[in-house]
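# Structure at a glance
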Amino acid sequence: MLLSRRHLLQAGSASALGALALPLLPAGPAYAADEFDTLRLRYRDSITGTGFNPAVEPYASRLATIGEVAAQRRAAMTPGGAALWPDLPLDVSSSVTNSYSRLRGMALAWAQPGTGLTGDATLLGEVITGLDHLHTKVYKPSTSWFGNWWDWNIGTPQTLLDIMALVYDHLTATRIDNWLAAVDTFTPSVAPLLNGGASTGANRSDVCVVIVRRGIVGKNATKIIAGRDGLSPIFTYARTGDGYYEDGSFIQHSVVPYQGTYGAALLSGLAGLFGLLAGSTWAVSDPNRQIAFDAMTRSWAPFIYNGLVMDCVSGRGVSRGLSLQDPLGIQGDDHVRGHGLVASFVRMADAASPAEAALWRGMVKGWIQREYWGNLADDQNLGVPTLAACLAIRDSASVTAVAEPVNHRLLAVQDQAVHRRTGWAASIAMCSQRTTYYETGNGEHLKGWHTNNGMLSYWGSTWGNGQYSDAFWPTVDPYRMPGTTVSKKALADGAGGTWGAPDPGTSWVGGATDGTFAALGQDTRGLESTLQAKKSWFCLDDGIVCLGAGIGSTDGVAVETIVDNRNLGGGTGSQQLHINGTPQLASPGSATFTGVNWAHNSFAGIVFPGGATVKALRESRSGSWSQINTGGTTEVLTRKYLTLYVDHGVNPTAASYAYHLLPGADTTTTANRAAAPTVTVLANTAAVQAISDTATGVTAANFFTAGTAGPITVSAPCSVLMRESGGQLKVGVADPTRAATTITVTIARSGYSTASGDRRITVTGLNPIKLVVEVGGALGGSRTITLGTGSAVTGGQHLTLSPTADAHVRDGSYATTNYNGTTLEVKNDGTGYARKAFLKFDLTALPAAPKRAVLWVSGYTADSVGTHTTISAYAVAADGWTESGVTWNTAPALGTLLSTSPLCQVADWIPLDVTSFVQAEYAGDKTATIGLWQAATGRATVLNSRSNAVRPAFLQVVTG
């Protein structure tokens, strides 16, 4: 089995989790001959830990366990054989990493106090003998790597360097040189990866960790600088593929939301290097590192609840429960993964601003205090240094615990949302042509087919925190993930392909949010199935309204919507089910209930507007971790389940459902809500799904086509969320399809004369309210405006103007060549490669002065050396150039920089605000020439010109 990131962290959690609560570099102890030595000692201390009492709990038992495991390893070691351990043949790459990992555990038992083997000279000799054996047999410069690149590029060198830091004073110069030569062979530089792939995200930070630590151990400043500077590409925002996104999304493997595993590894690596190098000659000082700090609350915190990390962002990591490679037999779960993230918040706080540090430490204290299931203090996976740092925060009187927020976070790029209310939190995992149904690979997550296709998970502040931790993944029915609409068509293990290959190919996925409420939707397709459905989730104060329509399939099997599927644990599983107030299905079995107005399953109430026919199933289910992960244990586990679902029948056409999920509600609250509902379903069709809620003043609609629902009419597919409260009307609009530039939203309301909010929403009508919303280039993000507050607004007219001329020019040997065709090219580069574009507009047709003007161009990068860049609009004073005559030598000069927008290799609309310039030109000669270039050296960019049949450039103007 491949040593997973979790097991590498487990095997070396102190080192892998980096330096903890480390001060700036001191003057240096007497035995630190130079700055390299000082850093190496800091590196060693991060592995062994400092500032804790090894004789007291919880440290004493942890240290004793480290000694016990080390004793088992040394007893089984066979340094005279072909392999160091018989069960780890060295012709398997993961066995190489695992062998070093076992030696690391032995070295840690020697170096840490209280292990029973502390300072054992014989054990030290055995560790060094083992290192010699592995170097002689396999990990040496003359070896050609085989198997999984990760073992050679990251896993093995990280572990070897940890051991070298622990036993450094007992190594000969020859050994150090030889072993570092092997590290240099397999990890020579930050990029590319050993397999030739791109070095991004967690993989990049891991490689940087290797190179920096190699530089410290080998006293090589060039290596330290290379590793530190290699972090810089991480400190950028992506628009496609791997990396951080401005909305908080984090993607790895191009299509997988991954804050919980790969993201955790990235965060751990960054925190470790920030702390390790702090105050030294080589401190991480890139000004863009603030992006990593901002991501703490934007990317990671939304998915942490009471110390656990939500499974929707852990990918195939959810299948890593009980591993054959784990000598302690400790289950990995959402709490264990969460603890790694919590520890990273502690470490990052040491490198952050005082305000950030205080907030994060408060969040950590709150998470630890509230975590009643799988508490961090009891986590046997945590290394002693990590545990000590986290418990110091928990016990500090100077740190005030921060409560869980009450908010909504939609991370549109990764197609996921988290809805939080006092007492509970929920996640909704969706997928599109941009993200995958699920990821499988290396024999992991073999039955995760439906986990990102509408799965709705929820937890309570004092209940349900073990719902997905308690052997849920090996025992749950993989066709009945809560919240999903699924064809019961049988799927093979790993169906659809590895590494995130399968996706539904649909674009309408996402929604609109104002940060408190949300309208979410998904144009759903079944994996390897003919299933189609439109699904919506409207997130309110007391719960989530779930609608489905247009449900159809020709698979020849049943289609079901899983209202809820609760893990009742391994005990009696006697939690009650109430249907319309009557206890039902007390014993294992199934039943069909008609005329259901409400149900209650001991965790939540469910209201069915207008009544429904609902099926219930109470059963015991058994399974093993090996059935969903080939590296898992074969022990058969059994858990009880209570499932509520709507059976749409075999080959349904235009089927639908509607229910209101009330997490944590008791039976009385649920019955009252059913008797006096505040929610009205305004529409539930394949074209539009909409609700209104008198309790919150929310009206929300997901339009899969242009149309009308309740008071809202839209010009194109979109999601609209409006809330009327306190004399104000707040409206949020998003385009999940990412196809439109602007969308016109008309709301049958009047009486508002002021507005504040996003400048990319323009009011063009007041009775009824009419809004022009600029959604292009937003990557599915919401635009929000509040009427009834702010500045005075008036109506206006929305127009679009096509260029009267456009062309691009190129310098160098092309300086006398004219380029006018279906595309425009832009690039700020050296002589012979620079290109600029010009577009001319006639403003005489405008009926009045513009109050908003945006140039829309559709384009993408086409450059062999990079994928992301920016494009800038410039004022151009001279209008005498012609489309067929302009060249580099005759082109007008660029004037004032007007605005800049990002783009990448995926074609998208690019909005450029040119309002001030168009206003001035309208007041002048009514001809506006806009130049396009890049404010800094950039990538080659291809844009559609006015003559392109697809998405031609145009000027959007709102007058008034």
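Residues numbered from 1 in each chain as written. Predicted model: local features only at pLDDT ≥ 70, side-chain atom pairs only at ≥ 80, totals over all residues. Heavy atoms only, no water.

## Focus on helix α4 (residues 59-76)
Between the first and last C-alpha of α4 there are 26 Å, a value that for 18 residues agrees with the 26 Å anticipated at 1.5 Å per step. For α4, the full list of buried residues reads Tyr-59, Ala-60, Arg-62, Leu-63, Gly-67, Val-69, Ala-70 and Arg-73. Looking at the buried positions of α4, the neighbouring elements they touch are α5 (93-111) and α15 (384-395). (Helix = DSSP H or I, 4+ residues; strand = E, 2+ residues; numbered from the N terminus. Expected span 1.5 Å × (residues − 1). Buried < 20%, exposed > 50% of the residue type's maximum accessible area, 1.4 Å probe, protein only. Contact = heavy atoms within 4.5 Å.)

## Quick notes on the layout of surface pockets
There is about 410 Å³ of room inside the second largest pocket. Surrounding the second largest pocket, 20 residues form its lining, Arg-239, Thr-240, Arg-434, Arg-738 and Val-906 being those nearest its centre. Across the lining of the second largest pocket, the residue classes tally to 9 nonpolar, 6 polar and 5 charged. (1 Å grid on protein atoms, 1.4 Å probe; cavity = no way out; pocket = protein on both sides within 12 Å on 5 of 7 lines; lining within 4 Å. Points joined across faces, edges and corners; volume = space filled by probe spheres on them. Nonpolar A, V, L, I, M, F, W, Y, C, P; charged D, E, K, R; others polar.)

## Regarding the pattern of salt bridges
A full pass over the atoms with the stated rule returns 42 salt bridges. Residues Asp-493 and Lys-447 are paired through a salt bridge, measuring 2.6 Å at the closest nitrogen-oxygen approach. In this pair, Asp-493 is assigned in the loop between β10 (485-487) and β11 (509-513) and Lys-447 in the loop between β8 (424-429) and β9 (455-460), connecting sequence segments 46 residues apart. Given the relative accessible area of 43%, Asp-493 is considered partly exposed. Exposure remark for Lys-447: the relative accessible area of 25% places this residue in the partly exposed category. Here Arg-639 and Asp-470 are joined by a salt bridge, their closest N and O atoms 2.9 Å apart. Here the residue Arg-639 occupies a position in strand β20 (residues 637-650), and Asp-470 occupies one in the loop between β9 and α16 (472-475), the gap between them amounting to 169 residues. Residue class for Arg-639 comes out buried when judged on its relative accessible area of 16%. (Salt bridge = Lys/Arg side-chain N within 4 Å of Asp/Glu carboxyl O.)

## A closer look at the packing of aromatic side chains
Summed over the entire model, instances satisfying the criterion amount to 28 aromatic pairs. A ring pair is formed by Trp-449 and Tyr-479, whose centres lie 5.0 Å apart and whose planes are at 40°; its orientation type is tilted. Of this pair, Trp-449 sits in the loop between β8 and β9 while Tyr-479 sits in the loop between α16 and β10, placing them 30 residues apart in sequence. Residues Trp-449 and Tyr-479 agree in their burial class; the two are buried. Ring pairing ties together the aromatic residues Phe-235, Phe-274, Phe-293, Phe-345, Trp-360 and Trp-367, which thus form one cluster. Here the basic side chain of Lys-534 rests over the ring of Phe-704, its NZ or CZ set 5.5 Å away from the ring centre. The aromatic ring of Trp-881 is capped on one face by Lys-840, whose charged end is 4.7 Å from the ring centroid. (Phe/Tyr/Trp six-rings, centres within 6.5 Å; stacked < 30°, edge-to-face > 60°. Lys NZ or Arg CZ within 6 Å of the ring centre and 35° of its normal.)

## Considering the confidence of the model for the protein
When pLDDT is averaged along the protein, the result is 95; 97% of the residues meet or exceed 70. Counted against residues more than four places away or in other chains, residues 1-30, with its pLDDT under 50, gives 96 contacts. (pLDDT = per-residue confidence, 0-100.)

## A look at the sheet that holds strand β2 (residues 250-252)
What the 3 strands build is an open sheet, ordered β1-β2-β3; its pairing is antiparallel. A strand with exactly one partner marks an edge of an open sheet, and here the two such strands are β1 (243-244) and β3 (256-257). Bridge count for β2 against β3 is 2 bridges, and the pairing is antiparallel. Directly across from Gln-252, in β3, lies its bridge partner Val-256. (Pairing = 2+ DSSP bridges.)

## Details of the sheet that holds strand β31 (residues 761-766)
One open sheet accounts for 5 strands, arranged β25-β26-β29-β32-β31; its pairing is antiparallel. Strands at the two margins of the open sheet, each flanked by one partner only, are β25 (707-709) and β31. The sheet shows a mean angle of 20° between the axes of neighbouring strands, direction not considered. The pairing of strand β26 (residues 712-714) with strand β29 (residues 742-747) spans 3 bridges and is antiparallel. If you follow Val-714 over to β29, its bridge partner there is Val-745. (Axes fitted to C-alpha atoms, helices over the stretch in contact; angles between N-to-C directions.)

## Regarding the nonpolar core
The biggest cluster of nonpolar side chains holds 142 residues, and the ones touching the most others in it are Tyr-244 and Phe-345. Core analysis: the second largest hydrophobic core is formed by 43 residues, Ala-426, Tyr-458, Ile-544 and Ile-579 among them. (Core = buried A, V, L, I, M, F, W, Y, C linked by side-chain atoms within 4.5 Å.)

## Some remarks on the packing of helix α9 (residues 201-217) against helix α10 (residues 221-229)
It is at 7 Å that the axes of α9 and α10 come closest, and there the two elements cross at 160°. In terms of orientation, α9 and α10 fall into the roughly antiparallel class. The crossing of α9 and α10 is left-handed. Between α9 and α10, the contacting residues are Cys-208, Ile-211, Val-212, Arg-214, Gly-215 and Ile-216 on the first element and Lys-223, Ile-224, Ala-226, Gly-227 and Arg-228 on the second. Partitioning the contact of α9 with α10 into residue classes produces 6 nonpolar, 2 polar and 3 charged. (Parallel < 35°, antiparallel > 145°, perpendicular 65-115°, else oblique. Left-handed = near helix turned anticlockwise from the far one by under 90°.)

## Concerning the environment of His-450
Structurally, His-450 is set in the loop between β8 and β9. Sequence separation between His-450 and Val-646 is 196 residues; the distance between their C-alpha atoms is 17 Å. In contact with His-450, not counting residues within four places along its chain, are Met-455, Pro-478, Tyr-479, Thr-484, Val-486 and Leu-491.

## Quick look at helix α11 (residues 262-277)
For α11, built from 16 residues, the straight-helix expectation of 22 Å at 1.5 Å per residue is met to within 8% by its first-to-last C-alpha distance of 23 Å. Counting buried positions along α11 yields 16 of 16 residues, so the element is predominantly enclosed. Taken from the residues just after α11, Gly-279 is the one with a positive phi, measuring 80°.

## A word on the side chain of Lys-365
Its location among the elements puts Lys-365 in helix α14 (residues 354-370). At 7.2 Å, Asp-395 is the nearest oppositely charged side chain to Lys-365, a buried residue that forms no salt bridge. Dropping the residues within four chain positions of it, Lys-365 is found in contact with Ile-393, Arg-394, Ser-396, Val-399 and Ala-401. (Lys, Arg positive; Asp, Glu negative; His and termini not counted.)

## Concerning the pairing of β29
By the criterion of burial, β29 is predominantly enclosed, with 5 of the 6 residues buried. Relative to strand β32 (residues 769-774), β29 is paired through 6 bridges, and the arrangement is antiparallel. Across the sheet, Thr-744 pairs through a bridge with Val-772, a residue of β32.

## Topic: unusual backbone geometry
With an omega of 10°, the peptide bond running from Glu-57 to Pro-58 counts as cis. Here Pro-58 lies in the loop between α3 (35-48) and α4. That bond from Asn-767 to Pro-768 is cis: its omega, 0°, falls within 30 degrees of zero. With respect to the helices and strands, Pro-768 occurs in the loop between β31 and β32. Here Asp-415, not a glycine, exhibits a phi torsion of approximately 60°, which is positive. Mapped onto the elements of the fold, Asp-415 is located in the loop between β6 (408-411) and β7 (416-421). Among the residues examined, Asp-415 registers a relative accessible area of 0% and is labelled buried. Even without glycine at this site, Leu-585 takes up a positive phi of about 50°.

## Here's the deal with the pairing of β8
Counting buried positions along β8 gives 6 out of 6 residues, so the element sits mostly inside the fold. Burial of the side chains of β8 extends over both faces: Trp-424, Ala-426 and Ile-428 are buried on one face and Ala-425, Ser-427 and Ala-429 on the other. Note: β7 against β8, 6 bridges, orientation antiparallel. Within β8, the residue paired with Ala-417 across the bridge is Ile-428. If you look at the hairpin formed by β7 and β8, you'll find 2 residues sitting between the two strands, and Gly-423 has a positive phi there, around 95°. As judged from the 6 bridges shared by β8 and β9, these two strands associate in the antiparallel manner. Each residue of the ladder has a partner; that of Ile-428, found in β9, is Leu-456.

## Some remarks on the environment of His-600
Relative to the helices and strands, His-600 resides in strand β18 (residues 589-600). Sequence separation between His-600 and Ala-671 is 71 residues, and the spatial gap between their C-alpha atoms is 9.2 Å. In contact with His-600, other than residues within four places in its own chain, are Gln-576, Leu-577, His-578, Gly-605, Ala-665, Asp-666, Thr-667 and Thr-670.

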